[in-house]
Amino acid sequence: MDNEHPEVLAPHQFERYCATIRTLVAASGLDVDDFGFTPAKCLVVQDADLGLFMKLQLHPDRTVDCEFTLEDELLDPSPTVDIAARVVRLSQRGQRFRGARLEES
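Residues numbered from 1 in each chain as written. Predicted model: local features only at pLDDT ≥ 70, side-chain atom pairs only at ≥ 80, totals over all residues. Heavy atoms only, no water.

Participant: Go over the environment of glutamate 7 with me, naming the residues and quoting the values.
Facilitator: Considering the arrangement of structural elements, one finds glutamate 7 in the segment before helix H1 (11-27). As for glutamate 7 and threonine 63, which are separated by 56 residues in sequence, their C-alpha atoms are 9.8 Å apart. Residues within four places of glutamate 7 in sequence aside, it is in contact with Pro60, Asp61 and Arg62. (Helix = DSSP H or I, 4+ residues; strand = E, 2+ residues; numbered from the N terminus. Contact = heavy atoms within 4.5 Å.)

So, in C-alpha cells, the structure goes:
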C-alpha cells in the first residue's frame with residue numbers, strides 16, 4: 001500500500017488503509033484506540049513515555065488531521081527544556097520507524 005499513488009481511496013481500500021495505519025502505530029509500541037469503528041478512521045494514540053495523546057483523523061484522500069494533547073501534569077508551566085525534549089523524542093521515534101521501513105525496501 002505504501003507504494004500506491006496517492007488518490008481518493010474506494011471504501012474497501014480506505015478500510016484497509018486505516019487498518020494498516022492502526023497496525024503500524026500499534027506495532028511501534030504505542031497504545032492505539034479505534035473505538036471499535038470500521039473503518040478505523042479516528043485513532044487516539046497514547047505515548048505514556050512522552051506524556052502525550054495524539055488524535056488522528058484519517059481521510060480517504062490519504063491526508064490526516066493530527067491533534068496533540070499533553071497529559072495534565074504537562075499543562076502546568078513546564079521547563080522549556082522538558083517540552084522541547086518531548087518534541088525531539090517524538091521526532092526521533094518517527095525517524096527510526098521511517099528508517100526501518102527504508103531498510104526493508
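Participant: Run through the side chain of aspartate 34, naming residues and quoting values.
Facilitator: With respect to the helices and strands, aspartate 34 occurs in the loop between strand E1 (31-33) and strand E2 (42-47). In terms of polar contacts, aspartate 34 uses its side chain to reach the side chain of arginine 22, at 3.0 Å. Only 2.9 Å separates the side chain of aspartate 34 from the backbone nitrogen of glycine 36, close enough to count as a polar contact. Apart from residues no more than four positions distant in its own chain, aspartate 34 is found in contact with Arg22, Ala40, Cys42 and Leu43. (Polar contact = N/O pair within 3.5 Å; in protein donor to acceptor, adjacent residues only side chain to side chain.)

Participant: Tell me about the packing of aromatic side chains, residues and numbers included.
Facilitator: Counted by the stated rule, this structure contains 1 aromatic pair. With 6.4 Å between their ring centres and 25° between their planes, phenylalanine 14 and tyrosine 17 make a pair best called stacked. Taken together, the residues phenylalanine 14 and tyrosine 17, both in helix H1 and 3 residues apart, mark about one turn of the helix. For the pair phenylalanine 14 and tyrosine 17, one class covers both residues: buried. (Phe/Tyr/Trp six-rings, centres within 6.5 Å; stacked < 30°, edge-to-face > 60°. Buried < 20%, exposed > 50% of the residue type's maximum accessible area, 1.4 Å probe, protein only.)

Participant: Give me the lowdown on unusual backbone geometry, citing residues and values where you can.
Facilitator: Look at the link from threonine 38 to proline 39: it is a cis peptide, with omega at 0°. The topology assignment puts proline 39 in the loop between E1 and E2. Even without glycine at this site, phenylalanine 35 takes up a positive phi of about 60°. Relative to the helices and strands, phenylalanine 35 resides in the loop between E1 and E2. Of note in the backbone geometry, arginine 62 takes a positive phi value of approximately 70° without being a glycine. With respect to the secondary-structure elements, arginine 62 resides in the loop between strand E3 (52-58) and strand E4 (64-70).

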